[in-house]
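These are the residues of each chain, in order.
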Amino acid sequence: MRAIVIDDERLARKELINLLNQLESVEVVGEAVNVDDAKDKIEQLSPDVIFLDIQMPEKTGFELLEELDNVPHVIFTTAYDEYALKAFQVNALDYLLKPIEPKRLEEAIIKLQGKMDGYSKNDESTSSHSQKKLTLEDQVFVKDGDRCWFVRLSNVRLFESDGNYIKVYFDNFKPMIHKSLNALDERLDEKSFFRASRKHIINLGWVEGIEPWFNGGLVVTLKGGDRIEVSRRQAARFKEMMSL
């Protein structure tokens, strides 16, 4: 795996790079001292994974993720246990506490290696992660105000368009992200997610009930009680997908 280490502390960068250089499966291709430096390095070097410090001068690691068009795999590094737990809730992809323990680093690398081994050769030859469809097993970074989550898509039951934003429904949360529903629809695996209408994309795994609605449409009830109208235009396709 091609890796970039991003940390404003020189000694922390060197320590982590030394640990990574001891692992055969990782090649450190660059290091960055702040968000702007990291953006340039990521665009130039196209790493598979970034080791990202959270608190840096001027901009945080969270803000870097917001500014990237194509986000590599991310392992956060932080000296603040309570802050990390609060930020990522229970759906964190992974984070390492400083000083980083070699065993924890190896565990994180093994997890990422497993994800990368799951990609087909065709996937590996694509130029960016944005060309790969997002499946139920993928995790996405969601930031709304001061709150941040890493959410597994299997836990997201519904996406709802709200102006220039999308409301993401998971657990008891409904954070807003600045993105169009059309752009999101292109990224999601059509076997798992269905464009019910102009305003909604539903996770098919969360469908609990279906009933007829006006003008040939349908109403879908999701686990947890959300009721979503499927437009007449999409109803026939929905019935076909959900039938034997």
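- Named according to an unreviewed UniProt entry, the protein chain is LytTR family two component transcriptional regulator originating from Algoriphagus antarcticus.

A look at the overall build of the protein chain
Now for step 1: Per the secondary structure count, the protein chain includes eight helices and 15 strands.
Now for step 2: Across the 244 residues of the protein chain, 43% fall into the buried class.
Now for step 3: For the protein chain, the proportion of contacts with a sequence separation of at least 24, taken over those separated by at least 6, is 50%.
Now for step 4: For the protein chain, the exposed surface amounts to about 13,500 Å²; the carbon and sulfur share of it is 46%.

Focus: the sheet that holds strand S8 (residues 156-162)
Paired through backbone hydrogen bonds, the strands of a sheet run either parallel or antiparallel to each other.
Now for step 1: Here five strands make up an open sheet; going across it, the order is S10-S9-S8-S12-S11 and the pairing antiparallel. Either end of the sheet is taken by a strand with one partner, and the two such strands are strand S10 (176-177) and strand S11 (193-195).
Now for step 2: The pairing of strand S9 (residues 165-170) with S10 spans two bridges and is antiparallel. Looking at S10, one finds that Ile166 is bridged to Ile177.

Let's talk about the pattern of salt bridges
Now for step 1: Here the structure, examined in full by the defined rule, presents 15 salt bridges.
Now for step 2: Where Lys133 meets Glu190, a salt bridge forms, and the shortest distance between an N and an O atom there is 3.9 Å. Here Lys133, found in the loop between helix H6 (121-125) and strand S6 (139-144), pairs with Glu190, found in the loop between helix H7 (181-187) and S11; they are 57 residues apart in sequence, far enough to count as distant.
Now for step 3: What makes Lys133 partly exposed here is its relative accessible area of 39%.
Now for step 4: The partner of Glu160 in a salt bridge is Lys167, with the nearest N and O atoms 4.0 Å apart.
Now for step 5: Salt bridges linked by common partners bring Asp36, Lys39, Lys59 and Glu67 together as one network.

Considerations on the packing of aromatic side chains
Now for step 1: The full count for this structure, using the stated rule, is seven aromatic pairs.
Now for step 2: Judged by centre distance (5.5 Å) and plane angle (45 degrees), the rings of Phe170 and Phe173 are tilted.
Now for step 3: Judged by its relative accessible area of 22%, Phe173 falls in the partly exposed class.
Now for step 4: In this structure an aromatic cluster arises from ring pairing among Phe62, Phe76 and Phe150.

What about the pairing of S8?
Here is the key point about a regular strand: its side chains alternate between the two faces of the sheet.
Now for step 1: Most of S8 is tucked away: six of the seven residues are buried.
Now for step 2: As paired strands, S8 and S9 are joined by six bridges and run antiparallel to one another. If you follow Val156 over to S9, its bridge partner there is Phe170.
Now for step 3: A loop of two residues connects S8 with S9, the two strands running antiparallel in sequence, and Gly163 in this loop sits at a positive phi of about 70 degrees.

Section: the side chain of Arg13
Now for step 1: Note that Arg13 resides in helix H1 (residues 10-21).
Now for step 2: There is a polar contact of 2.8 Å between the side chain of Arg13 and the side chain of Glu31.
Now for step 3: Residue contacts for Arg13: discarding those within four places in its chain leaves Val5, Asp7, Asp8, Glu31, Ala32 and Val33.

A few points about the confidence of the model for the protein chain
Now for step 1: Residue-level pLDDT values for the protein chain average 84, and 88% of them are 70 or greater.
Now for step 2: Taken together, the stretch residues 120-130 has pLDDT below 50 and engages in 14 contacts with residues farther than four places along the chain or on a different chain.

Overview of the environment of Val71
Now for step 1: Inspection of the secondary structure assignment puts Val71 in the loop between helix H3 (61-67) and strand S4 (73-78).
Now for step 2: Judged by relative accessible area, Val71 falls into the partly exposed class, the value being 33%.
Now for step 3: Sequence separation between Val71 and Asp48 is 23 residues, and the spatial gap between their C-alpha atoms is 9.1 Å.

Remarks on the packing of H1 against helix H5 (residues 102-117)
Now for step 1: Between H1 and H5, the shortest axis-to-axis distance is 11 Å and the interhelical angle comes to 65 degrees. Remark: the crossing between H1 and H5 carries right-handed chirality. Seen from H1, the contacting residues are Leu16, Leu19 and Leu20; seen from H5, they are Pro102, Leu105 and Ile109.
Now for step 2: Considered class by class, the residues forming the contact of H1 with H5 number six nonpolar, no polar and no charged.

Let's talk about a nonpolar patch on the surface
Now for step 1: Together, Ile210, Met241 and Met242 give the surface a local cluster of nonpolar side chains, amounting to about 240 Å² of exposed area.
Now for step 2: Inspection of the secondary structure puts Ile210 in strand S13 (residues 207-212).
Now for step 3: Residue classification places Ile210 among the partly exposed residues on the basis of a relative accessible area of 44%.

Basis of the calculations
Along every chain, residues carry numbers that run from 1 in the direction the sequence is written. In keeping with the predicted nature of the model, local features appear solely for residues at pLDDT of at least 70, side-chain atom pairs appear and are counted solely at 80 or more, and the whole-chain, interface and lining totals rest on all residues. Water and hydrogen atoms were dropped before computing side-chain values, which therefore reflect all heavy atoms in the structure. In this text, helices come from DSSP runs of H or I with a minimum length of four residues, and strands from runs of E with a minimum of two, each type numbered from the N-terminal end. Only protein chains enter the area calculation, which uses a 1.4 Å probe; residues under 20% of their type maximum are buried, those over 50% are exposed, and those in between are partly exposed. When checking whether two residues touch, look at their non-hydrogen atoms; a contact exists if any pair is within 4.5 Å. Only the protein chains shown count as cover for residues, with accessible areas throughout obtained via the Shrake-Rupley method and a probe of 1.4 Å. Paired strands are those between which DSSP finds at least two bridges. Note on definitions: salt bridges are taken to be side-chain nitrogens of Lys or Arg within 4 Å of carboxyl oxygens of Asp or Glu. The pairing test for Phe, Tyr and Trp rings, Trp by its six-membered ring, is centres within 6.5 Å, and the orientation test on the planes gives stacked under 30 degrees, edge-to-face over 60, and tilted for anything in between. The term polar contact refers here to a pair of N or O atoms within 3.5 Å; inside protein, the definition further demands a hydrogen-donor-capable atom paired with an acceptor-capable atom, and it admits residues adjacent in sequence only when both atoms are side-chain atoms. Per residue, pLDDT captures the predictor's confidence, and it can take any value from 0 to 100. A fitted line through C-alpha atoms serves as each axis, taken over the contacting stretch for helices, and the angle formed by two N-to-C directions is quoted from 0 to 180°. Two helices that cross are described as forming a left-handed crossing if the nearer one is turned anticlockwise from the farther one by less than a right angle, and a right-handed crossing if clockwise. For this classification, Asp, Glu, Lys and Arg are treated as charged, while Ala, Val, Leu, Ile, Met, Phe, Trp, Tyr, Cys and Pro are nonpolar and the rest, including Gly, are polar. Patches here: salt-bridge-free residues with over 30% relative accessible area, like charges joined within 9 Å, nonpolar side chains (Val, Leu, Ile, Met, Phe, Trp, Tyr) joined within 5 Å.

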